[in-house]
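# Report on the structure
Here's the letter readout for the chains.
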Amino acid sequence: MLKFSIFDHLDNSGAPLGTFFEERLRLVEAIERGGFAGYHLAEHHSTPLGLAASPSVFLAAAIQRTRTLRLGPLVYVLPLYHPLRVYEEICMLDHMSGGRLMVGVGRGGALVEHERYGIDPTNASPLYHEAFAVLMRAFESDVVNFEGKFFTFKDYVVQAKPAQRPHPPLWYGAPSPDAIAWAVPKSINVVSLGPADRARAISDRYRNDWRALGRDDAALPHIGITRHVVVAETDAEARRIADNAYATWRQSMDWLWRHAGQDFSLKGIYPQSFAELAAIGHGVAGSAATVRDYMSKLEREAGVNYVLCQMVFGDMSFADATHSIDLFAKDVMPAFR
């Protein structure tokens, strides 16, 4: 069974910030009504690509507007966090949500953002691994004693545990098959972006390693992929909405790289126009029938069991985004149940 969720950069739409956040929260309500499996939000800094610089703050509001939807960051950029502080936030959010939190963790894909936070990009990976180790220690122990290169803690007494034990479901962005080897023993959900053949290699590796551990396929974690998706009554109308909104989103996507005078590292995955994006299979805009066909093909080619649909982006209007989400829930998702 293929599951569908929403992935959201919360990129700048041009609306006043208060209006922007309120409309996004109303969209989260629509996502829950539609029966999506989850809502994942990105974390970005010093760029119009992400206006929810503190995922925990936005999630605290979204939790109060929903009752059943699973939701969480994808990802907490751990090199930018005090690991015990983010542990405490995770515990709070998991209890506030009644155990609906998902926790994505990662180094962060845009090292140009780390530089603006005063983080040496060469330290990003070791910082991530050390922060992750501290986070896991806090989930597993009642007292944290830790001595590393970047963090040292002595007799930190853990006062709270999350509602989901030993921790909420973990998510990780997998850039290659080799990158997920550590994820399988820990049952970590993974997501990739870009080509379907790379997602297939990641999916095959995950499934093979999972079976090699003697684990049941029925308990297989989520193996996901992100795609831009717009649904309307006709292909032409969906393409019109997607073309306009994607142009604004794409400007936000590489804004900080252009500002820094650096080459944009993801231009092969996110080309300049939505037409180019659709041509390489990284997005779809069409009627429900067109989108159903696309998802069936994606499931076969990529081998994924979870699709993170980016359905609100750029300057797409609230009405168009809501209508697209509603159509997807009503006329696309039932075909995959």
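Structure's up top.
As a starting point, this report considers the structure included with it. (Residues numbered from 1 in each chain as written. Predicted model: local features only at pLDDT ≥ 70, side-chain atom pairs only at ≥ 80, totals over all residues. Heavy atoms only, no water.)

### Focus: the environment of V307
Condition: Numbering of helices and strands runs from the N terminus; a helix is a DSSP stretch of H or I covering at least four residues, while a strand is a stretch of E covering at least two. Three labels apply to residues, based on accessible area from a 1.4 Å probe with only protein chains included: buried if under 20% of the type maximum, exposed if over 50%, partly exposed otherwise in between. In what follows, residue pairs with any heavy atoms lying within 4.5 Å of each other are defined as contacts.
Structurally, the position occupied by V307 is in strand 12 (residues 306-310). Residue classification places V307 among the buried residues on the basis of a relative accessible area of 0%. Sequence separation of V307 and Y270 is 37 residues, and the distance between their C-alpha atoms is 17 Å. Ignoring anything within four residues of it in the chain, the contact list for V307 reads L2, K3, F4, S5, I225, M295 and L298.

### Let's talk about the nonpolar core
Quick reminder of the rule: Here, nonpolar core means buried Ala, Val, Leu, Ile, Met, Phe, Trp, Tyr and Cys residues that are tied together by side-chain atoms lying within 4.5 Å of each other.
Membership of the largest hydrophobic core comes to 119 residues, with the highest contact counts inside it found for F4, F36, Y39, M295 and F328. No other element matches helix 5 (residues 124-140), which puts nine residues into this core. Residues within four places of F4 in sequence aside, it is in contact with F36, A37, G38, M295, V307, C309, F328, M333 and F336.

### Describing the pattern of salt bridges
Spelled out, the test is: The working definition used for a salt bridge is a side-chain nitrogen of Lys or Arg within 4 Å of a carboxyl oxygen of Asp or Glu.
Scanning the entire structure with this criterion turns up 16 salt bridges. With a closest N to O distance of 2.7 Å, D8 and R24 form a salt bridge. Note that D8 is positioned in strand 1 (residues 3-8) and R24 in helix 1 (residues 17-34), a separation of 16 residues in sequence. Classification of D8 by relative accessible area gives buried; the value is 0%. E89 serves as the salt-bridge partner of R85, at 3.4 Å between the closest nitrogen and oxygen. Of the two residues, R85 and E89 both sit in helix 3 (residues 83-96), four residues apart, roughly one turn of that helix. Judged by relative accessible area, E89 falls into the buried class, the value being 18%.

### Comments concerning helix 2 (residues 55-64)
This is how the line gets drawn: Note: the arc covers the axis-to-C-beta directions of the helix.
Every buried residue of helix 2 is listed here: P55, S56, F58, L59, A62 and I63. Buried positions in helix 2, seen along its axis, are confined to an arc of 160 degrees and lie on one side of it. Next to the buried residues of helix 2 lie helix 1, strand 2 (38-41), strand 3 (70-73), strand 4 (76-77) and helix 3.

### A look at the pairing of strand 12
Heads up, the condition is: Pairing between two strands requires that DSSP report at least two bridges joining them.
Among the five residues in strand 12, five count as buried, and that is most of the element. Taking every second residue as pointing to the same face, both faces of strand 12 are buried, with Y306, L308 and Q310 on one and V307 and C309 on the other. Pairing of strand 1 with strand 12, which is carried by four bridges, proceeds in the parallel orientation. What sits directly across from F4, in strand 12, is V307. Sheet analysis places strand 10 (residues 223-231) next to strand 12, joined by five bridges and oriented parallel. Paired with I225 across the strands is V307, a residue of strand 12.

### A few points about the environment of M136
Residue placement: M136 occurs in helix 5. Classification of M136 by relative accessible area gives buried; the value is 9%. Spatially, the C-alpha atoms of M136 and S5 are 26 Å apart, while their sequence positions differ by 131 residues. Contact partners of M136, with chain neighbours within four places excluded, come to H167 and L170.

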